[in-house]
Amino acid sequence: MWAAALCAAGAVWLVGGRGKEAGRVHAVLAAGVPVQAGGWSWRRVLAAGRGRVPHEWWCLAAGLLVAFLGASVLPLVAGAAAVPLAGRVRRARDARGERERRGAAVIALCGALAGEVRAGRQPGDALRLSLGEAASCGISDEARSAALAAARFGGEVPDALREAAREPGAEGLLGLAACWRVAVDRGAGLAAGLERLEAALRSERDQRAELRAQLAGARSTAVMLAGLPVLGLLMGSALGAEPLRVLLHTGAGLGCLATGGVLEGAGMWWALRIVRGAEGR
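Residues numbered from 1 in each chain as written. Predicted model: local features only at pLDDT ≥ 70, side-chain atom pairs only at ≥ 80, totals over all residues. Heavy atoms only, no water.

Q: How should the packing of helix 5 (residues 74-118) against helix 10 (residues 190-226) be read in this particular structure?
A: Relative placement of two packed helices is described by the angle separating their axes and the distance separating the axes. The N-to-C vectors of helix 5 and helix 10 enclose an angle of 155 degrees; their axes lie 9 Å apart at closest approach. As far as their axial angle goes, helix 10 and helix 5 are roughly antiparallel. Helix 5 and helix 10 meet at a crossing whose hand is left-handed. Residues Glu100, Ala104, Val106, Ile107, Cys110, Gly111, Leu113, Ala114, Val117 and Arg118 of helix 5 pack against Leu190, Ala191, Ala192, Leu194, Glu195, Leu197, Glu198, Leu201, Arg202, Arg205 and Arg212 of helix 10. Looking at the contact of helix 5 with helix 10 residue by residue, the classes come out as 13 nonpolar, 1 polar and 7 charged. (Axes fitted to C-alpha atoms, helices over the stretch in contact; angles between N-to-C directions. Helix = DSSP H or I, 4+ residues; strand = E, 2+ residues; numbered from the N terminus. Parallel < 35°, antiparallel > 145°, perpendicular 65-115°, else oblique. Left-handed = near helix turned anticlockwise from the far one by under 90°. Contact = heavy atoms within 4.5 Å. Nonpolar A, V, L, I, M, F, W, Y, C, P; charged D, E, K, R; others polar.)

Q: Is there a simple way to explain the nonpolar core in this structure?
A: Generally speaking, nonpolar side chains in soluble globular proteins are found buried as a group. Counting residues in each nonpolar core, the largest one holds 32 residues, and the members touching the most others are Leu113, Leu127, Val157, Leu173, Leu176, Leu190 and Leu194. For this core, the secondary structure elements donating two or more residues are helix 5, helix 6 (123-133), helix 7 (141-152), helix 8 (157-164), helix 9 (172-186) and helix 10. Once you skip the residues sitting within four places of it in the chain, leucine 190 turns out to touch Val117, Pro123, Cys179, Trp180 and Ala183. (Core = buried A, V, L, I, M, F, W, Y, C linked by side-chain atoms within 4.5 Å. Buried < 20%, exposed > 50% of the residue type's maximum accessible area, 1.4 Å probe, protein only.)

Q: Mind showing me how you'd approach the pattern of salt bridges here?
A: Two side chains of opposite charge can pair, provided their charged atoms sit close to one another. Applying the stated rule across the entire model yields 16 salt bridges. Arginine 118 serves as the salt-bridge partner of glutamate 195, at 3.1 Å between the closest nitrogen and oxygen. Of this pair, glutamate 195 sits in helix 10 while arginine 118 sits in helix 5; the two residues are 77 residues apart in sequence, bridging distant segments of the chain. Taking relative accessible area as the criterion, arginine 118 reaches 54% and is therefore assigned exposed. Here glutamate 163 and arginine 166 are joined by a salt bridge, their closest N and O atoms 3.5 Å apart. By relative accessible area, which is 45% here, glutamate 163 ends up partly exposed. What emerges from the salt-bridge pattern is a single network uniting Glu98, Arg101, Arg102 and Glu167. (Salt bridge = Lys/Arg side-chain N within 4 Å of Asp/Glu carboxyl O.)

Right, here's the structure in full:
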């Protein structure tokens, strides 16, 4: 009864929201998602929940559902324990995406700066123009302001660029700082160095993307193997074996569940560790 009440309250909260999220969902639905006439469809509920609820909280919802089906509180506890782990995975994925976007912005900055120098602008003016036009140039607003001030008032531009290169994904700014230092101190061609730097950074990014694509199969295989126990539970339920009752309400089942959970977690950790190690090298 409590589980049903919580599910009903959650559904009402998901579909009853208004504001930006509701407008965005309405726009998505208007673009071609079918809606049942006279009410909310299950697709609309899922779309609203996806926009409003962080992904890790679906672990708690899944635990609540299994707890309701198995008449046990253990799945709910497991789902609550999985929420911080799933949140950590989501934050790591978001950080990786932000790092990749910052690296791509640094490559674009090098190309734009080289083009401005080739067009005949002075290095300081070219840097100010490139940084000023780019709303996101691979560095934070504070670091970008420091680089702009250094270029405008004759400060140490390489020092500002090296400071900005400490941000994850902006390591290419170290090469830009080195090119700037060599061009100013020794009179070398800044545009040629920037073009070679852009080509090197682009090649490195392409190599990482190719390696990630090659490792995607291994990662997908590990995730698929990790989901096989769930398929086994579904097949057992279809055959009438009542696997949830055995696992959650008998001593032998609890022992098998604990052992299987430990082995499942260890196997996933080991497989993903191998994949991450290969990607890191």
